[in-house]
Amino acid sequence: MLSDPVLSDSVLSDKERAPRNRTLTLDREEQLEYRQRLLQLDRPVELQDVVQRTIHQDLFTTLDFLPHRSVDLLFIDPPYNLDKTFNTHRFKKKDLETYTDWLASCLNGLERMLKPTASIYICSDWQSSPAVFEVIKHRFQIRNRITWEREKGRGASRNWKNASEDIWFCTVSDRYTFNVEAVKLKRKVMAPYTVNGMPKDWESTDQGNYRLTYPSNLWTDLTVPFWSMPENTDHPTQKPEKLLAKIILASSNPGDVIFDPFLGSGTTSVVAKKLGRQYFGVEMDELYCCLTEKRLKIAETDLSIQGYSAGVFWERNTLPDQGASVAPQV
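Residues numbered from 1 in each chain as written. Predicted model: local features only at pLDDT ≥ 70, side-chain atom pairs only at ≥ 80, totals over all residues. Heavy atoms only, no water.

Trainee: Which residues make up the side chain of serine 265, and what values go with them?
Mentor: By the element assignment, serine 265 lies in the loop between β16 (257-260) and α7 (267-274). Judged by relative accessible area, serine 265 falls into the buried class, the value being 3%. Reaching out from serine 265, the side chain makes a polar contact with the side chain of threonine 233 at a distance of 3.3 Å. If near-sequence neighbours (up to four positions away) are discounted, serine 265 is found in contact with Thr233, His235, Gln238, Tyr288, Leu291, Thr292 and Arg295. (Helix = DSSP H or I, 4+ residues; strand = E, 2+ residues; numbered from the N terminus. Buried < 20%, exposed > 50% of the residue type's maximum accessible area, 1.4 Å probe, protein only. Polar contact = N/O pair within 3.5 Å; in protein donor to acceptor, adjacent residues only side chain to side chain. Contact = heavy atoms within 4.5 Å.)

Trainee: So what's going on with the layout of surface pockets? Which residues, and what values?
Mentor: Here the largest pocket defines a volume of roughly 720 Å³. Lining the largest pocket are 29 residues, and of these Leu82, Asp125, Arg150, Asn162 and Glu165 lie nearest its centre. Elements with a minimum of two residues in the lining of the largest pocket: β5 (84-86) and β9 (164-171). Residues belonging to the lining of the largest pocket are distributed by class as follows: 12 nonpolar, 7 polar and 10 charged. (1 Å grid on protein atoms, 1.4 Å probe; cavity = no way out; pocket = protein on both sides within 12 Å on 5 of 7 lines; lining within 4 Å. Points joined across faces, edges and corners; volume = space filled by probe spheres on them. Nonpolar A, V, L, I, M, F, W, Y, C, P; charged D, E, K, R; others polar.)

Trainee: I'd like to hear about α7, residue by residue, with values.
Mentor: Taken across its 8 residues, α7 has 7 buried, putting it largely inside the fold. Inspection of α7 places Thr267, Thr268, Ser269, Val270, Val271, Ala272 and Lys274 among the buried residues, and these make up the whole buried set. Looking at the packing, one finds that the buried side of α7 touches β4 (71-76), α6 (241-251), β16, β17 (278-283) and α8 (286-298). Directly after α7, the chain includes glycine 276, whose backbone phi takes a positive value near 75°.

Trainee: I'd like a description of the environment of tyrosine 99, backed by residues and values.
Mentor: Within the fold, tyrosine 99 resides in helix α4 (residues 96-110). On the accessibility criterion, tyrosine 99 (1% relative accessible area) is buried. For the pair tyrosine 99 and serine 128, spaced 29 residues apart in sequence, the C-alpha to C-alpha distance is 8.1 Å. When residues no more than four places from it in sequence are discounted, the contact partners of tyrosine 99 are Pro78, Pro79, Tyr80, Asn81, Phe91, Lys94, Ser128 and Ala131.

Trainee: Lay out the pairing of β16 in plain terms, naming residues and giving numbers.
Mentor: Burial along β16 is two-sided: the face carrying Val257 and Phe259 and the face carrying Ile258 and Asp260 are both buried. Where β4 meets β16, 2 bridges bridge the pair, whose relative direction is parallel. If you follow leucine 74 over to β16, its bridge partner there is phenylalanine 259. As judged from the 4 bridges shared by β16 and β17, these two strands associate in the parallel manner. Counterpart to aspartate 260 in the pairing with β17 is glycine 281. In this view, the connection linking β16 to its parallel neighbour β17 by way of α7 has right-handed handedness. (Pairing = 2+ DSSP bridges. Right-handed = clockwise from strand over helix to strand, strands pointing away.)

Trainee: Which residues make up the sheet that holds strand β15 (residues 218-219), and what values go with them?
Mentor: Overall, mixed pairing links the 8 strands, which are arranged β3-β17-β16-β4-β7-β9-β8-β15 in an open sheet. Two strands bound the open sheet, and with one partner strand each, they are β3 (53-56) and β15. Bridge count for strand β8 (residues 141-149) against β9 is 8 bridges, and the pairing is antiparallel. In the sheet register, tryptophan 148 faces β9, and the bridge partner there is glutamate 165. Relative to β4, α6 is tilted by about 155°, and along the sheet it contacts β4, β7 (114-124), β8, β9 and β15. (Axes fitted to C-alpha atoms, helices over the stretch in contact; angles between N-to-C directions.)

Trainee: Go over the nonpolar core, please, and point to the residues and values.
Mentor: One finds Phe259 and Phe280 to be the most contacted residues of the largest nonpolar core, which totals 46 residues. For this core, the element with the highest residue contribution is α4, accounting for 7 residues. Listed in part, the 32 residues of the second largest apolar core include Tyr121, Ile248, Ala272 and Phe313. (Core = buried A, V, L, I, M, F, W, Y, C linked by side-chain atoms within 4.5 Å.)

Trainee: Outline the packing of α4 against helix α5 (residues 129-136), listing residues and values.
Mentor: The relative placement of two packed helices comes down to the angle between their axes together with the axis-to-axis distance. Between α4 and α5, the shortest axis-to-axis distance is 9 Å and the interhelical angle comes to 45°. As judged from the angle between their axes, α4 and α5 are oblique. Read as a crossing pair, α4 and α5 show a hand that is right-handed. Note on element contacts: α5 touches α4 through Pro130, Ala131, Val132, Glu134 and Val135, opposite Leu96, Tyr99, Thr100, Leu103 and Ala104. Its residues assigned to classes, the contact of α4 with α5 shows 8 nonpolar, 1 polar and 1 charged. (Parallel < 35°, antiparallel > 145°, perpendicular 65-115°, else oblique. Left-handed = near helix turned anticlockwise from the far one by under 90°.)

Rendered as structure tokens:
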């Protein structure tokens, strides 16, 4: 059975912001409007009951109700093993064994939602990465570990600055989707090579010389959302839309079902919608759920993804006319 969400007090963003700050916020009227779209579950449901929806609940109260064998792509961005406040909720750091057990309890319920051909991506930092490996090594087939440059962050006087995060790429079986042509990166050619005066494996354009390159497991072309980007919210660990676009385009096809059990401010659902996929997600904080719904509404008319245009991913800060709203080709 689906029920109306329990209304609760959430922290509305009342910060005074600079005139050019484009961070997406909610006023009270918007929150009242968007909270009516949220779902809460109290019994097992079918996929059609939850697809294209945001479930406002603690994940562990919903795991027994979510549809089995319904998900083509599972994206998991759990709280890392750090003391961190997410609006009205706080995650407390645990010893590694306890964190590993907590993560395993999440996977216990999520595993049965996967189709035999599904792919799984799990985010971590360097401290929680061992826990992720421990809980996936016997569950899934581990394909790779992506490291992406997270250029934001404070320096450290007695250690190396943390400027990267990991994403573990797994599959349920040897039958899985990987669309490599959809995720090639367009790079500038610094030393163009020609054969009989013709470009070899590169293209000459009005903006410069470029080459399409195969994607690697080292991603240095991402920009963490910040105040001047329209996708930015006040969520403290928001992932870039471009990051999700890479994963969704590589590991799903149009119409496939994408699920995010720690949805946050909705980046996974928003990018899935922009790229023609089905989606649903679970998030325990009402404000973030409402931000998700606002972003989904914006995505009905704005399909742009910063750093991705005309079916091509560009190196950071190299896409011509990045302010243009260009519908992605999928």
